[in-house]
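Residues per chain, in single letters:
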Amino acid sequence: MSLRASPFPNFFLEGLHAVGWGLIFPCFWFLDRLLAVCISTSLERMWRREMECYLHPLQVVFGSVLFFILFIISTPFALLGFVLWAPLQAVRRPFAYHHQEQIIPMEDRNARWEETGKVSFGFLTGNLCLLPDGIARFNNLGHTQKRAAYIGKSIVQGVTRPHIRIFVDSPSSCGTVTPSSSLIPQPPPSSYGSIDVSASNQMDDVRETDGLPKPNSNQNSNQHKDLPRTLPQDADVPMEVSALFPSSVDIVCLQEVFDKRAATRLTRALGPLYGHVLYDVGVYACQPAGTCSSFKFFNSGLFLASRYPVMEAEYRCFPNGRGEDALAAKGLLTVKVEIGLQKGDKKMVGYINCTHLHAPEGDGAIRFEQLNMLTKWISEFQAVTRREDEMVMFDVLCGDFNFDNCSPDDRLEQSHSVFEEYTDPCRAGAGREKPWVIGTLLEQPTLYDENTRTPDSLQRTLETEELRKDYISPPVAVEGVPLVYPEPDEPWTGRRIDYLLYRESAVSSHGKTELEELTYVTQLAGLTDHVPLAFRLSVSLDPQH
C-alpha cells in the first residue's frame, strides 16, 4: 500500500485548508511572540547577567505592547480562517506523509544476513518538547524552530557515523566506552545551550544571536574528568551512556513535536536519510466530529522517521484526556514497515508503535486505561494487516509513558499487563528497576548548569550517581505518605518515563530476539528535558523454518 503525501483526499480541500490556516497563523504567531517576549529561559537570564544587559525590561514592555496590538488586529482574520479550517478537520487523515529517495548513506548492518542467519534493527525514542516557543518556555526551553533544525542535524550526524566500539581492558573499566562527541565533526549550527564553560578564554566568542550561542571550536567538556564512573560492570544487557546517537538507527520515534513548522524542519533534516516520515500526527478541532466536547488545539506530537517503506499506518486518539492534556490529541501511532528482505517465499516486515500517555501526576487511572486501549488497538491493527506471506521481525512499543517504575504514586501503571506482553529491558519487576538503569526525565530548572549543558558533561553526570541525583527528577510520592528512596543498598535511579519495549512472541515462531545494545543518548543536552533512549534488536532466524 502506498500512502499519499497530503492528509486531504484532493487538492481542492488541501487548498482550502491552506487558506484557512494562512488566515489563522498571523494571530497565532503574534500570541506566541507575546508569550515568548515575556518569559525568559534560565540560559537567557544567565547571558544577560554575564553581559550586564539592563535593557531587557524595556524589551518586554515594548515587545508585549506591540505583539498584543498586532494580535488584536489579526483576530478578525483568524476567526474567518477558523470558519474555513475547523470543518475540514472532519475529512483530514490524521497524519501527513513525506517520502523521498535516501541520499545520505548509512551503514547497512544486515548486508550479510544470509551468511550469519541474523538480522538486526535499531530504534530510537525521545521527547523533544517542540511546543510553540512561548509555551515551551514554561519548560525552560525556547527557540523551538532553531532547536528543531539542530536536533535533526544532530540525529543525522550521530546515526551516520561509523560503528565504533572501544573496549578498555582494565580494572576500572565499565565496559564499552563511547567516543566523545569532540572526536566527531559537529554540525554547523550552534548547539543550544551547549557551550564549553571550562574554556574561559572562549567565553568571549559566545554571542547572543536570537537567544542562541555561537558555536565554539571545542565542545568537549572536561570539568568532571576527576570524577569516577559508577556504572555497574555486571549489567545483564550491553548498556552505555553515549554523547552521540548510536550508529545505524533504522526507525526514529519522537514525541512532543507539536509545532507544525518544527515538524517540517525535522522532516527536511531527516528525510534525506530516512526517506519515510510521518508527521503532524493527530486530530484537530472538535473530536469526535460535530461536537465541542473535546476541542483539540494541538496534534498528538508524535513523529516517526523510517528507513523502511511504510506499508500501513493508523492513528487512534485517547478519548479520556483531562485538564490541559485534553487540549492535545494524544494517542497511539501504529505502523507496519517493509524491511526489504525475504526468506524463502516470505517477505520480512516489522511493527512499530509510538505513543504519549497522559501527563499530570496523580492521574494513574487515566494512564492505566490508556494502556488498556493501546494494547487493544495494537492487536486490532496487527490482526487486520498481517499476511500469510509475511514474516514479522520485530514488534516494538515506545514513547513517553509519563510514569516510571520507581514512584509509589505510579504503582497502578507499573503493574499493567502490557509488561507481560512486551519486554522492558530496564525492568526487574513491578516497582523495581535493574541496578544499572538511569532516569530519563531531567529537572527543568538545571538544564543549563555546567553539569548538563553539553553532551559530554551530561554523559558524565548520568554515569555518576552522586551527580545525577541533582539533575534527574526524583520519584513521586503518594500524597500524604513520606517518600523513602532509594531502598537500602539500592542505587539512585530517578524517573525513567521514556520506554522502549519489544514483543518476543511476535518473532518466536521463526526466530529468537535478543537485545544487542541499549544506549542513553546525551547529544541533545540543552535542547530537551528528556534523555533519548535507543536500543538494537538482533533476530536469529531458525534455519528449519
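Residues numbered from 1 in each chain as written. Predicted model: local features only at pLDDT ≥ 70, side-chain atom pairs only at ≥ 80, totals over all residues. Heavy atoms only, no water.

Some thoughts on the nonpolar core
If you look at the biggest cluster of nonpolar residues, it comprises 74 residues, and the most contacted ones within it are Phe123, Met393 and Tyr520. Among the elements that make up this core, the one with the highest residue count is strand 16 (residues 390-400) (6 residues). Among residues more than four places away in sequence, those in contact with Met393 are Val119, Phe121, Ile339, Met348, Val349, Val507, His510, Val539 and Leu541. (Core = buried A, V, L, I, M, F, W, Y, C linked by side-chain atoms within 4.5 Å. Buried < 20%, exposed > 50% of the residue type's maximum accessible area, 1.4 Å probe, protein only. Helix = DSSP H or I, 4+ residues; strand = E, 2+ residues; numbered from the N terminus. Contact = heavy atoms within 4.5 Å.)

So, the confidence of the model for the protein chain
Per-residue confidence for the protein chain gives a mean pLDDT of 86; residues scoring 70 or more make up 85%. No element of the protein chain has a lower mean pLDDT than strand 5 (residues 208-209), which averages 41, and none a higher one than strand 8 (residues 251-255), which averages 98. Note that pLDDT drops below 50 for residues 167-177; the model gives that stretch 15 contacts with residues more than four away or on any other chain. Note that residues 180-231 has pLDDT below 50 and, in this model, 126 contacts with residues that lie over four places away or in other chains. (pLDDT = per-residue confidence, 0-100.)

What about the UniProt feature "transmembrane region" (unreviewed entry) in the protein chain?
This chain's UniProt record puts "transmembrane region" (unreviewed entry) on residues 20-39 and 60-85. Here residues 60-85 runs as 100% helix and 0% strand, with 32 Å between its end C-alpha atoms. (UniProt positions renumbered as here; feature names shortened; annotations may be inferred.)

A look at unusual backbone geometry
Omega for the peptide link from Tyr485 to Pro486 comes to -5°, which places this bond in the cis form. Although it is not a glycine, Asp489 adopts a positive phi angle of roughly 65°. As for its position among the elements, Asp489 is in the loop between helix 12 (465-468) and strand 19 (498-502). Taking the relative accessible area as the measure of exposure, Asp489 reaches 82% and is therefore exposed.

Here's the deal with the sheet that holds strand 16
Read from one edge of the open sheet, 5 strands run 13-14-15-16-19, paired in mixed fashion. Each edge of the open sheet is held by one strand with a lone partner, namely strand 13 (310-317) and strand 19. Strand-to-strand, the axes of this sheet are offset by a mean angle of 15°, without reference to chain direction. Packed onto the sheet, helix 8 (residues 364-385) meets strand 13, strand 14 (331-343), strand 15 (346-356) and strand 16 and runs at close to 35° relative to strand 14. (Pairing = 2+ DSSP bridges. Axes fitted to C-alpha atoms, helices over the stretch in contact; angles between N-to-C directions.)

Some words on the side chain of Asp250
Examined against the element boundaries, Asp250 turns out to sit in the loop between strand 7 (239-242) and strand 8. For Asp250, a relative accessible area of 2% puts it in the buried group. There is a polar contact of 2.8 Å between the side chain of Asp250 and the backbone nitrogen of Gly122. In terms of polar contacts, Asp250 uses its side chain to reach the side chain of Tyr308, at 3.4 Å. Excluding its chain neighbours within four sequence positions, the residues that come into contact with Asp250 are Ser120, Phe121, Gly122, Tyr274, Ala305, Ser306, Arg307, Tyr308 and Arg536. (Polar contact = N/O pair within 3.5 Å; in protein donor to acceptor, adjacent residues only side chain to side chain.)

Some thoughts on a nonpolar patch on the surface
A cluster of nonpolar side chains, namely Leu55, Leu58, Val61, Phe62, Val65, Phe68, Ile69, Ile72 and Ile73, defines an oily patch on the protein surface of about 890 Å² accessible area. Tracing the backbone through its elements, the reader meets Leu58 in helix 3 (residues 56-88). In this structure Leu58 comes out as partly exposed when scored by relative accessible area, which is 47%. (Patch = residues over 30% accessible without salt bridge, like charges linked within 9 Å, V, L, I, M, F, W, Y side chains within 5 Å. Areas by Shrake-Rupley, 256 points an atom, 1.4 Å probe, with all protein chains shown as cover. Salt bridge = Lys/Arg side-chain N within 4 Å of Asp/Glu carboxyl O.)

Notes on the pattern of salt bridges
Tallied over the entire structure, the rule returns 26 salt bridges. When the shortest N-O distance is used, the salt bridge between Arg322 and Asp363 registers 2.5 Å. On the criterion of sequence distance, the pair formed by Arg322 in the loop between strand 13 and strand 14 and Asp363 in the loop between strand 15 and helix 8 is long-range, its members being 41 residues apart. With relative accessibility at 11%, the residue Asp363 sits in the buried group. Among the salt bridges present, the one from Asp410 reaches Arg367, with a minimum N-O distance of 3.9 Å. Of this pair, Asp410 sits in the loop between strand 16 and helix 9 (411-414) while Arg367 sits in helix 8, and the two are 43 residues apart along the sequence. Classification of Arg367 as buried rests on a relative accessible area of 0%. When salt bridges that share partners are traced, they join Glu361, Arg367, Asp404, Asp410, Glu413 and Arg495 into one network.

Concerning the packing of aromatic side chains
All told, the structure shown has 24 aromatic pairs when counted by the stated rule. Ring geometry for Phe82 versus Trp85: centroids 6.0 Å apart, planes at 40°, classification tilted. With Phe82 and Trp85 both in helix 3, this residue pair falls 3 residues apart, about one helical turn. By relative accessible area, which is 33% here, Phe82 ends up partly exposed. According to the relative accessible area criterion, Trp85 is buried, its value standing at 6%. For the ring pair Tyr485 and Trp492, a centre distance of 5.9 Å and an interplane angle of 70° mean the geometry is edge-to-face. On the basis of relative accessibility, which here comes to 24%, the residue Tyr485 falls in the partly exposed class. An aromatic cluster is built from Trp21, Phe25, Phe28, Phe82, Trp85, Tyr284, Phe295 and Phe297, whose rings are joined through pairwise contacts. One residue, Lys260, lies across the ring of Trp21, its end atom 4.3 Å from the ring centre. (Phe/Tyr/Trp six-rings, centres within 6.5 Å; stacked < 30°, edge-to-face > 60°. Lys NZ or Arg CZ within 6 Å of the ring centre and 35° of its normal.)

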